[in-house]
Amino acid sequence: MKKLIVTALLVVGIASFAQDRNEMGNRPDRRPEMEKLSPEQRTQLMVKKMTLDLDLNSKQQEQVKQVIAEQGAKREAMKADRMAKKEEEAKRNTDDHYAMKNKMLDEQIAMQDKMKKILSPEQFEKWNKLKEKRQGKFHDKHHERDHDNGPEREHDDK
């Protein structure tokens, strides 16, 4: 009888945990509408937002638009490459991880150099602060998600 009760509790616990995972995929903060936009639409929205934030003139807007479009194309190509690699092999060895991280950092340095040439020093400083703020939000969300799935969640329920 004890085994039956323990088994029933285990099944109920697993079922409720599975439901929590399914609901996490449907979070409202995912912004699926942004994923449905074309690359041109995303670029245009980013340029307009930067124009508001940094008070860009029309020449700067065109230059920033080109840089963002280039970055978007590179990002999409890298995403396609990552997906192909992910399908090809489940785990990357440390050399592949190093090369990918190194390439990503090189791209960030190149982007920063291009923006430094386009923007005034004040605009560049403000752009850096906005970039750091976005990165902080990104890391916070991923940190929260990692902890939601981690062992600390078990302690919160007790």
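Residues numbered from 1 in each chain as written. Predicted model: local features only at pLDDT ≥ 70, side-chain atom pairs only at ≥ 80, totals over all residues. Heavy atoms only, no water.

### Some words on the nonpolar core
Here is a general trend for soluble globular proteins: nonpolar side chains tend to be buried in one another's company.
In step 1: In this structure, Met 50, Leu 54, Leu 56, Val 64, Met 115, Leu 119 and Trp 127 are the most contacted members of the largest nonpolar core, which totals 13 residues.
In step 2: Elements supplying a minimum of two residues to this core: helix H3 (39-54), helix H4 (58-88), helix H5 (94-118) and helix H6 (121-149).
In step 3: Non-local contacts of Leu 56, meaning those with residues more than four positions away in its chain, are made with Met 50, Thr 51, Gln 61, Val 64, Leu 119 and Gln 123. (Core = buried A, V, L, I, M, F, W, Y, C linked by side-chain atoms within 4.5 Å. Buried < 20%, exposed > 50% of the residue type's maximum accessible area, 1.4 Å probe, protein only. Helix = DSSP H or I, 4+ residues; strand = E, 2+ residues; numbered from the N terminus. Contact = heavy atoms within 4.5 Å.)

### A short note on the confidence of the model for the chain
In step 1: Within the chain, residue pLDDT values average 79, and 75% of them lie at 70 or more.
In step 2: Mean pLDDT across the elements of the chain ranges from a minimum in helix H7 (residues 152-157), with 44, to a maximum in H3, with 91.
In step 3: Every residue in residues 152-158 scores below 50 in pLDDT, and together they form four contacts with partners more than four places removed in sequence or on other chains. (pLDDT = per-residue confidence, 0-100.)

### Some words on unusual backbone geometry
In step 1: Phi at Asp 55 is positive, roughly 55 degrees, even though this residue is not glycine.
In step 2: Its place among the elements puts Asp 55 in the loop between H3 and H4.

### A word on the packing of H3 against H4
In step 1: Two numbers describe how H3 lies on H4: the axes approach to 9 Å, and their chain directions differ by 135 degrees. Judged by the inter-axis angle, H3 sits oblique to H4. Helix-helix and strand crossings are classified by hand; for H3 and H4 the assignment is right-handed. Listed contacts from H4 to Arg 42, Thr 43, Gln 44, Met 46, Val 47, Met 50 and Thr 51 of H3 are Gln 61, Val 64, Lys 65, Ile 68, Ala 69 and Glu 76.
In step 2: When its residues are assigned to classes, the contact of H3 with H4 shows six nonpolar, four polar and three charged. (Axes fitted to C-alpha atoms, helices over the stretch in contact; angles between N-to-C directions. Parallel < 35°, antiparallel > 145°, perpendicular 65-115°, else oblique. Left-handed = near helix turned anticlockwise from the far one by under 90°. Nonpolar A, V, L, I, M, F, W, Y, C, P; charged D, E, K, R; others polar.)

### Here's the deal with H5
Working note: α-helix, 3.6 residues per turn, so residues spaced by three or four point in the same direction.
In step 1: A rise of 1.5 Å per residue sets the reference length of H5, with its 25 residues, at 36 Å; its end C-alpha atoms lie 36 Å apart and thus fit the reference within 8%.
In step 2: For H5, the full list of buried residues reads Met 111, Met 115 and Ile 118. (Expected span 1.5 Å × (residues − 1).)

### Brief notes about the pattern of salt bridges
In step 1: One pass over the full model with this rule turns up five salt bridges.
In step 2: For Glu 70, the salt bridge identified is with Lys 114, shortest N-O distance 2.8 Å. Here Lys 114 lies in helix H5 and Glu 70 lies in helix H4, a separation of 44 residues in the sequence.
In step 3: Since its relative accessible area comes to 28%, Lys 114 is described here as partly exposed.
In step 4: Between Lys 74 and Glu 107 there is a salt bridge; the shortest N-O distance is 3.4 Å. Of the two residues, Lys 74 is situated in helix H4 and Glu 107 in helix H5; the sequence distance between them amounts to 33 residues. (Salt bridge = Lys/Arg side-chain N within 4 Å of Asp/Glu carboxyl O.)

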